[in-house]
Amino acid sequence: MSLETIRLSQPARDQLVRLKRTTGIKNWNVLCRWALAVSLREPSTPLVKEIVTDSNVEMSWRTFAGMYGDVYLALLRQRCAVDGEPLTDESLSKALTVHLHRGIGYLAGNKEIRTIRELVGSACE
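Basis of the calculations
- Residues numbered from 1 in each chain as written.
- Predicted model: local features only at pLDDT ≥ 70, side-chain atom pairs only at ≥ 80, totals over all residues.
- Heavy atoms only, no water.
- Salt bridge = Lys/Arg side-chain N within 4 Å of Asp/Glu carboxyl O.
- Helix = DSSP H or I, 4+ residues; strand = E, 2+ residues; numbered from the N terminus.
- Buried < 20%, exposed > 50% of the residue type's maximum accessible area, 1.4 Å probe, protein only.

Caption draft 1: Here's a closer look at the pattern of salt bridges. Counted by the stated rule, this structure contains four salt bridges. A salt bridge links Arg7 to Glu58; the nearest nitrogen and oxygen atoms lie 2.9 Å apart. In this pair, Arg7 is assigned in strand E1 (residues 5–7) and Glu58 in strand E2 (residues 58–60), connecting sequence segments 51 residues apart. Here Arg7 falls in the partly exposed class, since its relative accessible area comes to 39%. We note a salt bridge from Asp83 to Arg79, for which the minimum N-O separation is 3.0 Å. Under the relative-accessibility criterion, Asp83 is labelled partly exposed at 26%. Note on Arg79: relative accessible area 7%, which makes it buried.

Next comes the structure, spelled out in structure tokens:
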């Protein structure tokens, strides 16, 4: 497991397809950044620990994080430390995967998110 390549499960891909269509956001990475932030904001640890990343959606860390890669990596490290996880590449990659999928589920499950404006507004709740 590595942070170099980020892969998504088929259910997460399907949820992102609906979110792309609903919000008009065209890029997977933008929605995935929102999803990660939404999940990291939640104080509980994700319940799902093993995720089958079987979809055709994959992106590099650089594509996912963009110019804020150091910020996202610091957020993941902080979360691993808070959750008592070791700061290894494997634990960081696993944390990214479970938080990313939980966040996608949160965004997809919020029926009030129909536009970019509503997506941004949901972050202020």
